[in-house]
Amino acid sequence: MAHQWRGVIREYAERLPVTEATKVITLGEGGTPLVHAQKLSELTGSEVYLKVEGMNPTGSFKDRGMTMAMTAAVEAGAKAVVCASTGNTSASAAAYATAAGLKCAVLVPEGKISMGKLSQAIAHGATLLQVDGNFDNCLDIARKLGEAYPVFLVNSVNPARIQGQKTGAFEVVDSLGDAPDIHVLPVGNAGNITAYWKGYKEYSAPFETANGTLPAVSTKTPVMWGFQAAGAAPFVAGHPITEPDTIATAIRIGNPASWETAVAARDESGGLIEAVTDDEILAAHRWLSAKEGVFVEPGSAAGVAGLIKKHAAGEVPSGKTIVITVTGHGLKDPQWALRTEDGSDVQPVKVPNDVVTVAAELGLEEN
Ligand SMILES: *Cc1c(COP(=O)(O)O)cnc(C)c1O
């Protein structure tokens, strides 16, 4: 029978805080591909899969949480929403606010927001303010607006966001038939590692719903491996970083909102949160594009950078199943692909309008 994916709320309604009366705001998010990563599997001797979250409607996993947050905003009678963003949250909030018929205000930090993300927020009609400060300052203002003014906060400090994002873990288990042994992902504000761990835990035990108890879907939970950018690695330092710095703007966050829950995900799962340098992130970014055929934005490559680094240190087991969430699409921040390893920009080779010269340039001989 024909079945079209209906977005994460309708697909997983019984495991989310919605009822049949809920007016669902969706753009059809979720149902993203779990791609077998051939070269990473060869490298590690484990079966490595990529959960390609760039395939969501606005190009990042943020849509999973935004469908829930915007649905909750409408249910609460909100007329306007606000968020702080390194870029993808604003792109997602702006799109889902449009679908919900709500006004949307986004606060982005000074400098260092990718063109792709900014253009999405503008295209969807959000009011965009660039705050003279970093992401953490933006989130502080957004929270205060949510408390003292008639606007609904849709950052991941809103528990509805985490609820929606946990569906990423459900989809992984539904695809593989069980939880992986290790789940790897980038860590910024730490909402996603919190959400995946919540999802894996809920799927591994009986789950109480309004209509009765659902049986466990998986037999186990994975070990959670989170990776931060070295210049923005508060979990590694053990304290907030005042001036976070990395080319991976999506994870340039010094004071993660979901601090305790991320530490719990790490410790309860027997996992780790470590750091990778910008060079390691860019090398992983190139690996994904050139060896796996998957184009991501730099921040999304932090998990892959972490896996490659751990492998080099002899710390990745073989014979296991490993899933890496690659969080956002490469077209968000495409200029990194045009940069060569020595830092210059790639230029296309110019050729005349002539088949013989083109063939010669391609190293082809006539047959
Ligand atoms: C938001 C984001 C992250 C970081 O996720 P957190 O939940 O903040 O840890 C990583 N990559 C991309 C592309 C993002 O948009």
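Below is a short write-up of the structure. Note that the structure is a prediction, hence the values are computed from the model and not measured.

Criteria and cut-off values
- Residues numbered from 1 in each chain as written.
- Predicted model: local features only at pLDDT ≥ 70, side-chain atom pairs only at ≥ 80, totals over all residues.
- Heavy atoms only, no water.
- Pairing = 2+ DSSP bridges.
- Helix = DSSP H or I, 4+ residues; strand = E, 2+ residues; numbered from the N terminus.
- Axes fitted to C-alpha atoms, helices over the stretch in contact; angles between N-to-C directions.
- Phe/Tyr/Trp six-rings, centres within 6.5 Å; stacked < 30°, edge-to-face > 60°.
- Buried < 20%, exposed > 50% of the residue type's maximum accessible area, 1.4 Å probe, protein only.
- Lys NZ or Arg CZ within 6 Å of the ring centre and 35° of its normal.
- Disulfide = S-S within 2.5 Å.
- Right-handed = clockwise from strand over helix to strand, strands pointing away.
- Arc of directions from axis to C-beta.
- Contact = heavy atoms within 4.5 Å.
- Salt bridge = Lys/Arg side-chain N within 4 Å of Asp/Glu carboxyl O.
- Near = heavy atom within 4 Å.
- Polar contact = N/O pair within 3.5 Å; in protein donor to acceptor, adjacent residues only side chain to side chain.
- Areas by Shrake-Rupley, 256 points an atom, 1.4 Å probe, with all protein chains shown as cover.
- Nonpolar A, V, L, I, M, F, W, Y, C, P; charged D, E, K, R; others polar.

Quick notes on the sheet that holds strand E11 (residues 272–276)
1) Next: Taken together, six strands build an open sheet; the order of strands is E1-E2-E12-E7-E10-E11 and the sheet is mixed. What marks the edges here is a single partner per strand, and that holds for strand E1 (34–36) and E11. Sheet twist, expressed as the average angle between the axes of neighbouring strands with direction ignored, equals 25°.

Re the packing of aromatic side chains
Two aromatic rings are characterised by how far apart their centres lie and by the angle between their planes.
1) Next: Applying the stated rule across the entire model yields five aromatic pairs.
2) Next: Centroid distance Trp5 to Tyr12: 6.4 Å. Interplanar angle 65°. Geometry classified as edge-to-face.
3) Next: Residue classification places Tyr12 among the buried positions, given a relative accessible area of 9%.
4) Next: Through pairs of rings, three or more aromatic residues link up here, namely Trp5, Tyr12, Phe170 and Tyr203.
5) Next: When the ring centre of Phe170 is taken as reference, the NZ or CZ atom of Arg15 above it lies at 5.6 Å.

Some points on the state of the cysteines
1) Next: Per the counting criterion, the structure on display carries zero disulfides.
2) Next: In this structure Cys104 is not part of a disulfide, and its nearest cysteine sulfur, from Cys83, lies 5.3 Å away.
3) Next: In this model Cys138 remains outside any disulfide bridge; the closest cysteine sulfur is found in Cys83, 9.7 Å from its own.

Observations concerning the pairing of strand E3 (residues 80–84)
1) Next: Within E3, five of the five residues are buried, leaving the element largely enclosed by the surrounding structure.
2) Next: Where burial is concerned, the two faces of E3 agree: the one with Ala80, Val82 and Ala84 and the one with Val81 and Cys83 are both buried.
3) Next: Traced from E3 through helix H4 (residues 88–100) to strand E4 (residues 103–109), the parallel crossover comes out right-handed.
4) Next: The pairing of E3 with strand E6 (residues 152–153) spans two bridges and is parallel. The residue bridging Val81 from the neighbouring strand is Phe152, located in E6.

Re helix H5 (residues 115–123)
1) Next: Within the sequence span of H5, burial applies to Gly116, Lys117, Gln120 and Ala121. Around the axis of H5, the buried residues are gathered within 135° of arc, so they sit on the same side. Along H5, exposed side chains directed more than 90 degrees from the buried face belong to Met115, Ile122 and Ala123.
2) Next: Of the surrounding secondary structure, the elements contacted by the buried residues of H5 are H4 and strand E5 (127–131).
3) Next: Where H5 ends, the next residue or the one after it, Gly125, has phi of about 85°, a positive value.

Looking at the pattern of salt bridges
1) Next: What the rule picks out here adds up to 15 salt bridges.
2) Next: For Arg64, the salt bridge is made with Glu171, and the minimal N-O distance between the two is 2.8 Å. Separated by 107 residues along the polypeptide, Arg64 in helix H3 (residues 62–75) and Glu171 in helix H8 (residues 167–176) bring together distant segments of the chain. Summarising the burial analysis for this pair, Arg64 and Glu171 share the class buried.
3) Next: For Lys201, the salt bridge is made with Glu268, and the minimal N-O distance between the two is 3.1 Å. On the criterion of sequence distance, the pair formed by Lys201 in helix H9 (residues 191–203) and Glu268 in helix H11 (residues 259–268) is long-range, its members being 67 residues apart.
4) Next: On the basis of relative accessible area, Lys201 is assigned to the partly exposed category, the value being 36%.
5) Next: Among the residues examined, Glu268 registers a relative accessible area of 49% and is labelled partly exposed.

So, the site of the ligand
1) Next: Around the ligand, 15 residues are found, and the nearest of them are Lys62, Asn88, Gly188, Asn189 and Thr327.
2) Next: Note that an oxygen atom of the ligand is positioned 2.8 Å from one of the backbone N or O atoms of Gly188.
3) Next: One of the backbone nitrogen or oxygen atoms of Ala190 is found 2.8 Å away from an oxygen atom of the ligand.
4) Next: Protein chains bury 96% of the 380 Å² of accessible surface belonging to the ligand in isolation.
5) Next: Split into classes, the residues belonging to the shell around the ligand amount to five nonpolar, eight polar and two charged.

Some words on the side chain of Thr89
1) Next: On the secondary structure map, Thr89 appears in helix H4.
2) Next: For Thr89, the residues in contact, after removing those within four places along its chain, are Lys62, Met66, Cys83, Ala84, Asn155 and Arg161.

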